[in-house]
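# Examination of the molecular architecture
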There are 2 protein chains.
Amino acid sequence: MARDDKRELLLQATLELVAKQGFHGAPCAAIAEQAGVAAGTIYRYFENKDVLINELYLSLENRIHVALLEGYSVEMPFRERFLHVVRGLLKFFITSPLEFKYIEQFHHSPYGVAFRRDRMLGQTESEGCCTIYSELFTQGVAQQVIKDLPRVVLFDLAFGPIISVARNHILGFIQLDEALIEQIAEACWDSLKR
Amino acid sequence: MARDDKRELLLQATLELVAKQGFHGAPCAAIAEQAGVAAGTIYRYFENKDVLINELYLSLENRIHVALLEGYSVEMPFRERFLHVVRGLLKFFITSPLEFKYIEQFHHSPYGVAFRRDRMLGQTESEGCCTIYSELFTQGVAQQVIKDLPRVVLFDLAFGPIISVARNHILGFIQLDEALIEQIAEACWDSLKR
DNA sequence: TGCAAATGAATGAACGGTCATTCATTTTTG
DNA sequence: CAAAAATGAATGACCGTTCATTCATTTGCA
């Protein structure tokens, strides 16, 4: 088996266990078993468990970024770009429930706290991935098409409902389809537009 | 020291430790120390740690419920009742950062998962505490003043941003004041209203 | 080509540390 | 002084990580 395969197997095993059972349900022994590998083997591919957890998170962030960029152009009218991002996020989440759950677990764990602290310290300005959103909202405020609220609040108004709706879909409390996604995206827009 | 005092001390210690450091940072030994008590004493007041954690959560849910009921009346116009609840929640959260953080930690931990599962099984209809919201949204849809979306989606649109904004206030990324709270409540209303 | 030596990936038992919980003992209370 | 409350050392379960050992594969040599 090629080196990268086993590495990928370990990442996938971690994704599944953490998504389905949380970090408490994903000890190294279980991750190794799920990957069909011995516990010690983890340490041939990752310096330690923290590194494994964090690398998986980073790769998921990147996959989202790539997905959102598809069909996105700074030439599009503002409202369209906003709706594109909202729809894109929702669709990514509901078609990738394990990834969504992993990200949520990560954010609310000590890993997420440490990660945010480190990113805070290490950010020398635009961090590549968050640029889309920042740029979008800054333009919207400047063009007076959305409410003049602090950037962070605009973020919360737009993405708070998205996360919440995605979670409830994944937990089976609602069934999102194209039509409902469109209505939700429009509702998010309503809360932002002037 | 009266019996209830020591019990209260343990609940308060748990609140503080979990809020500030998460469940990982709140082992029984630390909770006992913070409460000025020996580890074994915990088990004179709570059957085990799970019970302590869950009872604390229930008491916080109840405090929120009581706070929201203050100044609330089913006689008020629909929009006013909605804004009352949104403002009330936001104000409760930002004046009770420890309580907010505890609730978030709880929701995203194995405790929260088990709790929701148990509540699902045990609910014989309206569970007292959630009645306000359910009733509110059902009426709003019936009176055609808010969008005709699934109840759960309305919940998400209204409360997703609230949680998100409260978190960012407590983490110090924004400073909420009366004016900003009002603007946010209005924005939530915009996303719901027809 | 055929054989021996070297390599390094994989293993999993073992280790040190942390945790929730127990219980024999001590302290407080009425 | 008897009963209740509080103590904290001891216990066993579980965790992440290490490392001596195994063994399939590759390399070096005649």
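Summarised in this report is the structure supplied together with it. (Residues numbered from 1 in each chain as written. Chains lettered and ligands numbered in written order. Predicted model: local features only at pLDDT ≥ 70, side-chain atom pairs only at ≥ 80, totals over all residues. Heavy atoms only, no water.)

In the vicinity of DNA strand D, 13 residues are found, and the nearest of them are Cys28, Tyr43 and Lys49 of chain A together with Thr41 and Tyr45 of chain B. If you look at DNA strand D and keep only atoms within 4 Å of the protein, 73% of those are sugar or phosphate atoms. Within the backbone of Ala38 of chain B, a nitrogen or oxygen atom sits 2.8 Å from a phosphate oxygen of DNA strand D. Here a phosphate oxygen of DNA strand D and a side-chain polar atom of Thr41 of chain B are 2.5 Å apart. Its residues placed into classes, the surface near DNA strand D shows six nonpolar, four polar and three charged. (Near = heavy atom within 4 Å. Polar contact = N/O pair within 3.5 Å; in protein donor to acceptor, adjacent residues only side chain to side chain. Nonpolar A, V, L, I, M, F, W, Y, C, P; charged D, E, K, R; others polar.)

A few words on the nonpolar core. If you look at the biggest cluster of nonpolar residues, it comprises 130 residues, and the most contacted ones within it are Phe82 of chain A together with Phe82 of chain B. Once you skip the residues sitting within four places of it in the chain, Phe82 of chain A turns out to touch Leu136, Phe137, Ala158, Ala185, Cys188, Trp189 and Leu192 of chain A. (Core = buried A, V, L, I, M, F, W, Y, C linked by side-chain atoms within 4.5 Å. Buried < 20%, exposed > 50% of the residue type's maximum accessible area, 1.4 Å probe, protein only. Contact = heavy atoms within 4.5 Å.)

All names here are of chain A. In contact at an axis separation of 5 Å, helix H5 (residues 78-95) and helix H6 (residues 97-107) are set at 100° when each is read in the N-to-C sense. Relative to H6, H5 is oriented roughly perpendicular. Counting all contacts with H5, which are made through Phe92, Phe93, Ile94 and Thr95, the residues of H6 involved are Pro97, Glu99 and Phe100. In terms of residue class, the contact of H5 with H6 is made up of five nonpolar, one polar and one charged. (Axes fitted to C-alpha atoms, helices over the stretch in contact; angles between N-to-C directions. Helix = DSSP H or I, 4+ residues; strand = E, 2+ residues; numbered from the N terminus. Parallel < 35°, antiparallel > 145°, perpendicular 65-115°, else oblique.)

This part takes up the packing of aromatic side chains. Within the structure shown, the criterion is met by 32 aromatic pairs over all chains. For the ring pair Phe23 of chain B and Tyr111 of chain B, a centre distance of 4.9 Å and an interplane angle of 45° mean the geometry is tilted. With a gap of 88 residues between them, Phe23 of chain B in the loop between helix H1 (3-21) and helix H2 (28-35) and Tyr111 of chain B in helix H7 (residues 110-122) connect regions that are remote in the sequence. When its relative accessible area of 17% is taken as the criterion, Tyr111 of chain B is described as buried. An aromatic cluster of three or more residues is present, and its members are Phe78, Phe82, Tyr133, Phe137, Phe155, Phe159 and Trp189 of chain A. (Phe/Tyr/Trp six-rings, centres within 6.5 Å; stacked < 30°, edge-to-face > 60°.)

On the side of chain A, 29 residues touch chain B, which itself brings 29 residues to the contact. Between chain B and chain A, the buried area comes to about 2,600 Å², and carbon and sulfur atoms account for 70% of it. On inspection of chain B and its partner chain A, the count reaches two salt bridges. The partner of Lys147 of chain B in a salt bridge is Asp190 of chain A, with the nearest N and O atoms 2.6 Å apart. The tally of links from chain B across to chain A stands at six residue pairs in polar contact (both at pLDDT 80 or more). Secondary structure elements with two or more residues in the side of chain B that touches chain A: helix H6 (97-107), H7, helix H9 (151-170) and helix H10 (178-192) of chain B. Within the side of chain B that touches chain A, the residues separate by chemical class into 15 nonpolar, eight polar and six charged. (Buried area = accessible area lost by both parts, 1.4 Å probe. Salt bridge = Lys/Arg side-chain N within 4 Å of Asp/Glu carboxyl O.)

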